[in-house]
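Chain and residue survey
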Amino acid sequence: MDKIAVLIPCYNEAMTIKKVIQDYHKALPEATIYVYDNNSTDATAEIAEKEGAVVRHEYMQGKGNVIRRMFREIDAESYLMVDGDDTYPAEYAREMVDKILKQKVDMVVGDRLSSTYFEENKRLFHNFGNSIVRKTINHLFRSDIKDIMTGYRAFSYQFVKTFPIISKGFEIETEMSIHAIDKNMLVENVIIEYRDRPEGSESKLNTYSDGFRVIRTILRLYRNYKPLRFFSWLSLLLFILAAVLFVPVFISYLETGLVLQFPTLIVSGFVMLASIQSLFVGLTLETMVQNTRLEFEHKLFVINEILKGKPDR
């Protein structure tokens, strides 16, 4: 088992990968650096191998797929995940890793948004999207993570081996953040200086398509992790709709003594039934989620026992 594993998912980062590996070798000389190449068409893998990194390949396209492979294959007491585009300075690596090894933190978030991100990042909609996602998740899940979508993070062995990765692409960071919040894991923020990509290096993140995936992921995870709240809001909306449909029918009945809008009354009744059903679905799923949390705590205990039995490299 490695003491520290530096994880670098890569897709066409030949321009910057050499410097990234050199920087993290200097910052964490005892670490093993893993570069997972995701179908690059340039010399990313060859350069990484020459610089002494352990190079492996993931042929399913997408950052989420790469991280899933990394988490499955690599055993370490602490993990540091960083992008291969040279936007995250290595001087913060030691502080982040020490929080995992010495303070038993489960996830350390490299917080770009509290420092230079908005000045360095020239993509206006990326800035806006990061702010919206952060505020939305912190509000919905009652948390205080400063940077939801940062690719600069450190993890414990327990986090890595209990994190169920569903996302295939860039929404993986959002999924990590919400999982840690929901499972009551210890999360800390480290403010980092962010620098934009060097000229000639292109971002793989599509502002609109990946942005919609992130929003969809938030809604999906909110439904899965907070079902009672989700279905209670749905129930309330359906109840209001049923009432809006029913009130004119009822007023007409009071005035004439007749039900003149039977189709509307029938629709109102079905919508009200859907409202009641949504509420009970939420209650049922909430019980299931509580049981899942109990099982997760037991799984953490088992993983911890496994960690104690693994020899260091």
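Placed above this text is the structure.
Residues numbered from 1 in each chain as written. Predicted model: local features only at pLDDT ≥ 70, side-chain atom pairs only at ≥ 80, totals over all residues. Heavy atoms only, no water.

What to know about a nonpolar patch on the surface
The condition that has to hold: Patch definition: residues with relative accessible area over 30% and no salt bridge; like charges joined within 9 Å; nonpolar side chains (Val, Leu, Ile, Met, Phe, Trp, Tyr) joined within 5 Å. Using a 1.4 Å probe, the Shrake-Rupley method yields the accessible areas, and only the shown protein chains count as cover for residues. Within this document, salt bridges are pairs made up of a side-chain nitrogen of Lys or Arg and a carboxyl oxygen of Asp or Glu, the two lying within 4 Å of each other. In this text, helices come from DSSP runs of H or I with a minimum length of four residues, and strands from runs of E with a minimum of two, each type numbered from the N-terminal end.
Taken together, the side chains of Phe-262, Ile-266, Phe-270, Leu-273, Ile-276, Leu-279, Phe-280 and Leu-283 make up a nonpolar region of the molecular surface, amounting to roughly 810 Å² of accessible area. The topology assignment puts Phe-262 in helix α11 (residues 262-309).

Some words on the layout of surface pockets
Which entries qualify depends on this criterion: Throughout, the protein atoms alone are placed on a 1 Å grid, and a set of points is a cavity if a 1.4 Å probe fits but cannot get out or a pocket if it is open with protein on both sides within 12 Å along at least five of seven lines; lining residues have an atom within 4 Å of a point. Grid points are joined across faces, edges and corners, and a volume is the space filled by probe spheres set on the points. In this classification, Asp, Glu, Lys and Arg are treated as charged, Ala, Val, Leu, Ile, Met, Phe, Trp, Tyr, Cys and Pro as nonpolar, and every other residue, Gly included, as polar.
Of the voids in this model, the second largest pocket is the one considered here, and its volume is about 470 Å³. Lining the second largest pocket are 24 residues, and of these Thr-162, Phe-163, Pro-164, His-179 and Tyr-225 sit closest to its centre. Of all the elements in the fold, those that place two or more residues in the lining of the second largest pocket are α3 (63-73), α7 (157-162), α8 (172-182), α9 (209-225) and α11. If you tally residues by element for the lining of the second largest pocket, the top one is α11, at six residues. When its residues are assigned to classes, the lining of the second largest pocket shows ten nonpolar, four polar and ten charged.

Quick word on the packing of aromatic side chains
To be explicit about the condition: Within 6.5 Å between ring centres, the rings of Phe, Tyr and Trp (the latter by its six-membered ring) count as paired, and their orientation is classed by plane angle as stacked under 30 degrees, edge-to-face over 60, tilted in between. Throughout, exposure labels follow a simple rule: accessible area from a 1.4 Å probe, protein chains only, divided by the maximum for the residue type, with under 20% read as buried, over 50% as exposed, and the rest as partly exposed. Cation placement over rings: the criterion is NZ of Lys or CZ of Arg within 6 Å of the ring centroid and within 35° of the ring normal.
According to the stated counting rule, one finds twelve aromatic pairs in the structure shown. Seen from their ring centres, Phe-155 and Phe-159 are 5.1 Å apart, and the 15° between their planes marks the pair as stacked. Each member of the pair, Phe-155 as well as Phe-159, is classed as buried. Through a chain of ring-to-ring contacts, the aromatic side chains of Phe-71, Tyr-79, Phe-155, Phe-159 and Phe-163 assemble into a single cluster. Sitting over the face of the ring of Tyr-194, Arg-112 holds its NZ or CZ atom 5.8 Å from the ring centroid. Geometry around Phe-296 places Lys-183 over its ring, the cationic atom sitting 5.6 Å from the centre.

Focus on the packing of α3 against α8
The cut-off we apply is this: In this description, a line fitted to the C-alpha atoms serves as the axis of each element, helices being fitted only across the stretch in contact, and the angle between N-to-C directions of two axes falls anywhere from 0 to 180 degrees. Reported orientations rely on four angle classes, namely roughly parallel under 35 degrees, roughly antiparallel over 145, roughly perpendicular from 65 to 115, and oblique for the rest. By the convention used here, residues are in contact when the closest approach between their heavy atoms is within 4.5 Å.
As a packed pair, α3 and α8 sit with axes 9 Å apart at the nearest point and diverge in direction by 55°. Between α3 and α8, the interaxial angle falls into the category oblique. In contact with Lys-63, Gly-64, Ile-67 and Phe-71 of α3, α8 contributes Ile-172, Glu-173 and Met-176. Tallied by class, residues from the contact of α3 with α8 come to four nonpolar, one polar and two charged.

Section: unusual backbone geometry
Backbone geometry at Asn-39 places phi at a positive 65°, although glycine is not the residue there. On the basis of relative accessible area, Asn-39 is assigned to the partly exposed category, the value being 27%. A positive phi angle, near 55°, is found at Asn-184, a position not held by glycine. Within the secondary structure layout, Asn-184 lies in the loop between α8 and β7 (187-191).

Here's the deal with the packing of helix α10 (residues 227-256) against α11
Rules: The sense of a crossing depends on the near helix, which, turned anticlockwise from the far helix by less than a right angle, makes the crossing left-handed and, turned clockwise, makes it right-handed.
Packing of α10 against α11 leaves a shortest axis separation of 8 Å and a crossing angle of 165°. Taken as axis vectors, α10 and α11 run roughly antiparallel relative to one another. Handedness of the crossing formed by α10 with α11: left-handed. Partitioned by chemical class, the residues of the contact of α10 with α11 number 21 nonpolar, seven polar and one charged.

As for the pattern of salt bridges
Under the definition given, this model contains 16 salt bridges. Ionic pairing is found between Lys-19 and Asp-23, a salt bridge with its closest N-O pair at 2.8 Å. Remark: Asp-23 and Lys-19 occur in helix α1 (residues 17-27); sequence separation between them is four residues, near one turn of the helix. Given the relative accessible area of 37%, Lys-19 is considered partly exposed. Measuring nitrogen to oxygen at the nearest pair gives 2.5 Å for the salt bridge that ties Lys-63 to Glu-173. Taken together, the residues Lys-63 in helix α3 and Glu-173 in helix α8 connect sequence positions 110 residues apart. Accessibility assignment for this pair places Lys-63 and Glu-173 in one class, buried. Linked by salt bridges that have partners in common, Arg-56, Glu-58, Arg-69 and Glu-73 make up one network.

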